Amino acid sequence: MDYIEYDVFVIGSGVAGRYVAKTCAKAGMTVAIADNREFGGTCANRGCDPKKIILGPTEVFDFADNLMGKGISTLPKLNWKANQKFKKKFTDKVPAGTEKILEKLGVTLYHQSPTFIDKNTLLVEGKTIVAKKIVIATGQIPRVLDMEGAKFLKTSDDFLELKKLPKTIILIGAGYVGMEFAHMAARYGCDVTIMEQGSTTLKAFDPDLTTELVEISKKIGIKFLFNSEISSIEKLNKNYRVNYKKDDKNSSLKARMIFNTAGRVPAINELDLEKGKVAYSDNGISVNAFLQNTSNKDVYACGDVSDHSVPLTPLSGIEAKVVSENIINGNSSKIKIPNVPSAVFTLPNIATVGFSEAEAKKRYNNIIVKHEFVSDWYNAKRSNEKAYGYKILINERTNQIVGAHILGSYAVETINLFTMAINLKLTTDAVKNMIFIYPSWGNDIKSML
Ligand SMILES: Cc1cc2nc3c(=O)[nH]c(=O)nc-3n(C[C@H](O)[C@H](O)[C@H](O)COP(=O)(O)OP(=O)(O)OC[C@H]3O[C@@H](n4cnc5c(N)ncnc54)[C@H](O)[C@@H]3O)c2cc1C
Ligand SMILES: NC(=O)c1ccc[n+]([C@@H]2O[C@H](COP(=O)([O-])OP(=O)(O)OC[C@H]3O[C@@H](n4cnc5c(N)ncnc54)[C@H](O)[C@@H]3O)[C@@H](O)[C@H]2O)c1
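What counts and what doesn't
Residues numbered from 1 in each chain as written. Chains lettered and ligands numbered in written order. Predicted model: local features only at pLDDT ≥ 70, side-chain atom pairs only at ≥ 80, totals over all residues. Heavy atoms only, no water. Domains from an automatic or database assignment. Contact = heavy atoms within 4.5 Å. Buried area = accessible area lost by both parts, 1.4 Å probe. Salt bridge = Lys/Arg side-chain N within 4 Å of Asp/Glu carboxyl O. Polar contact = N/O pair within 3.5 Å; in protein donor to acceptor, adjacent residues only side chain to side chain. Helix = DSSP H or I, 4+ residues; strand = E, 2+ residues; numbered from the N terminus. Pairing = 2+ DSSP bridges. Axes fitted to C-alpha atoms, helices over the stretch in contact; angles between N-to-C directions. Core = buried A, V, L, I, M, F, W, Y, C linked by side-chain atoms within 4.5 Å. Buried < 20%, exposed > 50% of the residue type's maximum accessible area, 1.4 Å probe, protein only.

1. A look at the domain arrangement of the protein
Bring the parts together and some accessible area is lost; that lost area is often taken as the interface size. Taken domain by domain, the protein comprises domain 1 (4–142 + 265–329), domain 2 (150–262) and domain 3 (342–448). Inter-centroid distance (C-alpha atoms) of domain 1 to domain 2 is 27 Å. Across the boundary between the two partners, domain 1 contributes 20 residues, which contact 13 residues of domain 2. The contact between domain 1 and domain 2 buries some 1600 Å² in all, and 61% of this surface belongs to carbon and sulfur atoms. Three residues stand out in domain 1 for area buried against domain 2, namely Lys51, Trp80 and Pro142, and they jointly supply 38% of the buried area on that side. For the pair domain 1 and domain 2, the interface holds five salt bridges. Lys87 serves as the salt-bridge partner of Glu161, at 3.3 Å between the closest nitrogen and oxygen. Where domain 1 meets domain 2, there are ten residue pairs in polar contact (both at pLDDT 80 or more). Of all the secondary-structure elements, those providing two or more residues to the side of domain 1 that touches domain 2 are helix H3 (48–66) and helix H4 (80–91). Of all the elements, H3 adds the most residues to the side of domain 1 that touches domain 2, at eight residues.

Listed below in structure tokens is the structure:
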């Protein structure tokens, strides 16, 4: 049988896959990479980056809204269509730009999903490939909801590509994607309802701060239907109808578009993993500390698809570095994850790093909890913030910060300082003795301690 040989075959060209492909090619290996969609992955094409561009005008709107009558007399008019055009300037260049960089390094590109034939053999574009190492970096895809009419649901990809924002939308799921999209759409003038099966939003964040975020979200017009169990979706003339049960009562709700924001699952279905003897679970490709598959030792996995990963862009990059080192030098690098900050780009943002209050209290004997809503602090007052709050957790014995949780317009920035303090094991005194810019949001961390 004719076949093509490579040292490394990478599946997926997102932040994780393309890093491995580039690094191995630079190390002199023969490398190929396949993607079954446009090259460049989720973050750059249909995730973090385009989302933040759409968010831009809403940040200006929110800042102006807070200062209405206090120096601002007219609210800016947001233009979805013009912003989409601006966004395309970034996203349109990603696929060709990614391919060009890889090709320049001598990496062979394939534009289809490979399938495993055996442990080291793949079939792609009708070609049989034998690779010494195979890297699975296929990321995640929206969870398919098992309900009648699920085919009418749109995804986050569709939302970010909308030419026109509908008058009404329903988002199914109050997680990261649901909350971020709700805040953006509401500020662009859309009537938004979030339907959530649980009793709250954003379970990975501090409950005192998320409760406040929900209240602010309601004030900007977002409606929440918690504890709702959706049974079916129907297509009407112009609208779609969601049939659901809440508090033992059957109800329904109409909207122009309904989005599935109910979570994401590992993208592994197309790979025929059984034939490659690749171990996996619902959490993704099973890996050891070297990010090597637990059953097929010639397979590595990195990024959102590995069962080790928290699905965030910076983590995918760290995992890709570990996989590259292990392929190039033999298993030499174990994955060590520092405290990873995470944030939701609602306005105000909510951000977290380190232990939650419950985790910290379980882990340490004495935890000092500094928790306050501080709309009266200078920074919040001068920009008339909708909310500003924090919860900082300190290990009393060592005086070190072990968790930080912030709700505020610049929480995504301030949390980076706490990430540094926690990872470097700084004491509260060390942080308080530093000089920061005044008046800056970062400087507020001293008062939080
Ligand atoms: C709407 C949205 C907003 C987000 N915002 C943020 C944010 O603000 N900050 C943050 O840190 N993270 C954010 N994320 C998460 C972030 O996008 C991911 O963590 C990151 O992209 C993961 O990188 P990756 O390389 O592991 O996977 P991906 O970037 O998903 O890349 C996987 C690649 O594999 C390809 N692929 C899949 N299956 C196959 C197959 N069978 N064969 C060949 N190729 C395949 C895909 O087409 C894709 O190109 C967001 C995600 C979404 C959906
Ligand atoms: N700012 C960021 O960094 C950012 C932004 C977007 C996504 N992400 C990453 O992507 C991952 C996925 O985000 P996500 O928002 O898709 O998922 P998520 O897990 O954060 O939220 C999904 C929500 O949908 C709810 N849900 C599930 N099934 C439902 C149903 N049938 N009916 C009603 N509600 C239902 C869940 O209870 C949950 O609250 C995140 O964990 C995050 O790591 C990060």
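2. Here's the deal with the sheet that holds strand S21 (residues 367–373)
Reading across from one edge, S19-S20-S23-S22-S21 is the order of the five strands in this open sheet, with antiparallel pairing throughout. Unpaired on one side and paired on the other, strand S19 (342–344) and S21 mark the two borders of the sheet. Taking each pair of neighbouring strands and ignoring which way they run, the sheet shows an average axis angle of 10°. Taken strand by strand, helix H8 (residues 207–219) contacts strand S20 (349–354), S21, strand S22 (389–395) and strand S23 (400–408), and its axis lies near 5° from that of S23.

3. So, the nonpolar core
With 60 residues, the main nonpolar core has Phe159, Ile169, Val192, Ile392 and Phe418 as its most contacted residues. With residues up to four places along the chain from it excluded, the contact list for Val192 reads Ile169, Leu171, Ala182, Ala185, Ala186, Gly221, Ile222 and Lys223.

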